[in-house]
Amino acid sequence: MSVAICVQELTKQYKDVTAVDNISFTVEQGHCFGLLGPNGAGKTTTIEIMEGIISPTSGQVIYKGKEYEGKKVDESLSQQIGIQFQHTALQDYLTVKETLSLFSSFYQHTLAQEQIIELCDLSDFLNRDNRLLSGGQRQRLLLALALINDPDIIFLDEPTTGLDPHARRNFWQLIKNIKAQNKTIILTTHYMDEAEQLCDDIVIMDQGKIIEAGTPLQLLNKHFSEVFIYLPAEQVPSILVEQNKWKKLAGQIEITTCDIEQTLTLLMNSKVSLAGLHVKSANLDDLFLHLTGHSLRGAK
Amino acid sequence: MNIKRFFAVFKARNIEFFRDKSSLGWSLFFPVLLLVGFSFIFSGEGRSAYKIGWVETTKGLQGETLKNPFTGTRYIDFIHYTDIDVAKGKLSHHSIDLVIVNQSRRYWVNDESAKSYLVEKIFSDKLEGYTRLQMSGAKIRYVDWVLPGVLGMNMMFSCLFGVGYVIVRYRKNAVLKRLKATPLTAFEFVSAQLSSRLFIVMCTSIIVYSGCNLLFDFFMLGSYFDLFIIGMLGAFCLISLGLLVASRSKSEELIGGLLNVTSWPMMMLSGVWFSLEGAPPALKLIADFLPLTHLVAGAREVITEGATLGDISYHVNCLLLMSSVFLSLGAYFFSWNAER
């Protein structure tokens, strides 16, 4: 597997804030790479340095062996990358079709308009004014603009923020379709289910630093060997809770265990009803809480 | 410069403007409304003061001027000229009512002007010993005189706000950031914005002029081509100024203030509403640094005096020089986003 992007000792210092603090990582060709972290972790700053939108204070980004030091990326590189920003307005009064034509004209090589319309499912609102698009339609159009030049590398900065669950799942399917074409995707998100669904590799950032990196499975295995069993509190005798030091959380008993079979045997032997029991493995949200001590979405 | 990208942005900006019915309507309706209003307000003969052109072709006679027997009269404005032809031109268009050349003891009246007739009668005793000469010429109505000013002012607002405000809005809501991420260069983007606005401004100005011409039958001594050229140069210069003002700002409030600071002095000091002929030299000097002054003055000379581009080369050169300075500085300071 070849390296698509190599980020080396990247730092971005604003007046009295270090937004990105000496981070390094590599992105493999054809992988979906997730930059995770709470609001203000430095994800957007990192991705915008990689895109050439802002310049780093120090460090460098190497694309397929070609070094670039920030400022606007050179044209040959910008022909090969696609970007979907977290916050972007589109030109008012232009229709979806006109917007696609406008962006097509910027690139030497583009996908056929019919192809991009089908890929991003734009046909129902092709002649609609940009201002009248719903959140999901708008995100699909922005993704279409990111893909219009058939890029090798695609940056998606929190692409599903603000979308309803149905639109989010639709969007994930689009990204999976793109991923199937061996494109490299760099995704920032603070939705852990999104990262688990889409990302091959992740780095978790907090306060400008990388606090963990690897595949989701590697990281979860590294930090969590146990699973969580939940039972309604009224079904579990208090003495059993105290003896085993189980936690009582919002009307439920949380049992942390490395051996599910042994715990279930203990419960059944104690004549505890297993009605309402559910088992949960640790997820990336738990991992982040474990690593930083504060919740991923609630932070800052 | 990639022409395909340039035309794509040019076309997109034009579509954006022409589909914005409120902006388009306003830019067409506002100058017509002003012209109708002013033609109505100044259609009467209510002005009480008379204007006399006082010509002294030789320096050193200022003392004699001050001592001349005419200057003490109330409600008579004396305007000093050094060029007799300029004064006679003004008289022929009824801008002034009498021309006196004290050195050669001659004076001119316009036999088509009632006010010229009256002012001659008022000063008949004092003009004894002066040779009477007469000339003719139709009156330039106020609406003819104010036309270049109103069109120029409309162009100014369209250029400054249509470029400055739009670029800052693009920057604020990250349209520029999105464009920066494409191969589009800053030069292509800026030149497309400039060309689009120039196209829009010239189209709307031609429509407004032609429409109003049907209504008012404007006075026109010069050539329409010369008027078009000076209009285009003025618009180009004002767009460049808009680009410079908007080169870095990300705040719509700030750009609103900056554009007002830029536009209001031009509206007051560029001779849009009234002539600066009698203004203090310091004010005239300030006005000379404002692009609208040269646009309005150049257009007015073409319309009312039949001047050619050669005759107004001073204004043409000033506009070209200012455009170069504004564009160079605008290009130097231009930033896609707030960070440079």
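Residues numbered from 1 in each chain as written. Chains lettered and ligands numbered in written order. Predicted model: local features only at pLDDT ≥ 70, side-chain atom pairs only at ≥ 80, totals over all residues.

Residues and elements named next belong to chain B. Its 18 residues place the ends of helix 10 (residues 252-269) 26 Å apart at the C-alpha level, agreeing with the 26 Å of an ideal helix rising 1.5 Å per residue. Contact partners of the buried residues in helix 10: helix 6 (142-172), helix 9 (224-245) and helix 12 (291-305). Directly beyond the C-terminal end of helix 10, a positive phi value near 75° is found at Gly-271. (Helix = DSSP H or I, 4+ residues; strand = E, 2+ residues; numbered from the N terminus. Expected span 1.5 Å × (residues − 1). Contact = placed C-beta atoms within 7 Å.)

It is worth spelling out the sheet that holds strand 4 (residues 106-110) of chain B at this point. Residue and element names in this part refer to chain B. One open sheet accounts for five strands, arranged 2-1-3-4-5; its pairing is mixed. Among the strands making up the open sheet, the edge pair consists of strand 2 (76-81) and strand 5 (131-135). Within the sheet, the average angular offset between the axes of one strand and its neighbour, ignoring direction, is 25°. Inspection of the sheet shows strand 4 paired to strand 5 by five bridges, in the parallel sense. Looking at strand 5, one finds that Asn-110 is bridged to Met-135. Across the face of the sheet, helix 4 (residues 84-92) comes into contact with strand 1 (50-55), strand 2, strand 3 (98-101), strand 4 and strand 5 while running at roughly 160° to strand 1. (Pairing = 2+ DSSP bridges. Axes fitted to C-alpha atoms, helices over the stretch in contact; angles between N-to-C directions.)

Time to look at helix 6 of chain B. Residue and element names in this part refer to chain B. The end-to-end C-alpha distance of helix 6, which contains 31 residues, comes to 43 Å, matching closely the 45 Å that a straight helix rising 1.5 Å per residue would cover. Along helix 6, the helix axis deviates most sharply at Pro-148, where the bend reaches about 25°. Downstream of helix 6 by a residue or two, Ala-174 has a phi angle that is positive, lying close to 70°. (Bend = angle between axes of the 7 residues up to and from the residue.)

What follows deals with the domain arrangement of chain A. With domains assigned, chain A is organised as domain 1 (3-216) and domain 2 (225-281). For domain 1 of chain A versus domain 2 of chain A, the separation of C-alpha centres amounts to 43 Å. (Domains from an automatic or database assignment.)

Here the focus is the domain arrangement of chain B. Interface size, as often reported, equals the accessible area lost upon joining of the parts. Taken as a whole, chain B is organised into domain 1 (3-40 + 141-333) and domain 2 (50-135). A straight line from the C-alpha centre of domain 1 of chain B to that of domain 2 of chain B covers 37 Å.

Residue and element names in this part refer to chain A. Counting through the fold element by element, Leu-187 comes out in strand 8 (residues 184-189). When the 25 C-beta atoms within 10 Å are taken as the criterion, Leu-187 is described as buried. Placed 130 residues apart in sequence, Leu-187 and Thr-57 show a C-alpha to C-alpha distance of 23 Å. Other than its neighbours up to four places away in sequence, Leu-187 contacts Cys-32, Phe-33, Gly-34, Leu-156, Leu-198 and Cys-199. (Buried ≥ 20, exposed ≤ 12 C-beta atoms within 10 Å, placed from the backbone.)

A word on the confidence of the model for chain B. When the pLDDT values of chain B are averaged, the result is 82; 90% of them are 70 or greater. Across chain B, element-level confidence peaks in helix 9 of chain B with a mean pLDDT of 93 and bottoms out in helix 3 (residues 62-67) of chain B with 50. (pLDDT = per-residue confidence, 0-100.)

With that settled, the discussion passes to the packing of helix 5 (residues 135-147) of chain A against helix 6 (residues 165-179) of chain A. Residues and elements named next belong to chain A. Running from N to C, helix 5 and helix 6 point in directions that differ by 15°, and their axes come no closer than 10 Å. Looking at the two axes, helix 5 sits roughly parallel to helix 6. Relative to helix 6, the crossing made by helix 5 is right-handed. Contacts from Gly-135, Gly-136, Gln-139, Leu-143 and Leu-147 of helix 5 reach helix 6 at Ala-167, Asn-170, Phe-171, Leu-174 and Ile-178. Tallied by class, residues from the contact of helix 5 with helix 6 come to six nonpolar, four polar and no charged. (Parallel < 35°, antiparallel > 145°, perpendicular 65-115°, else oblique. Left-handed = near helix turned anticlockwise from the far one by under 90°. Nonpolar A, V, L, I, M, F, W, Y, C, P; charged D, E, K, R; others polar.)

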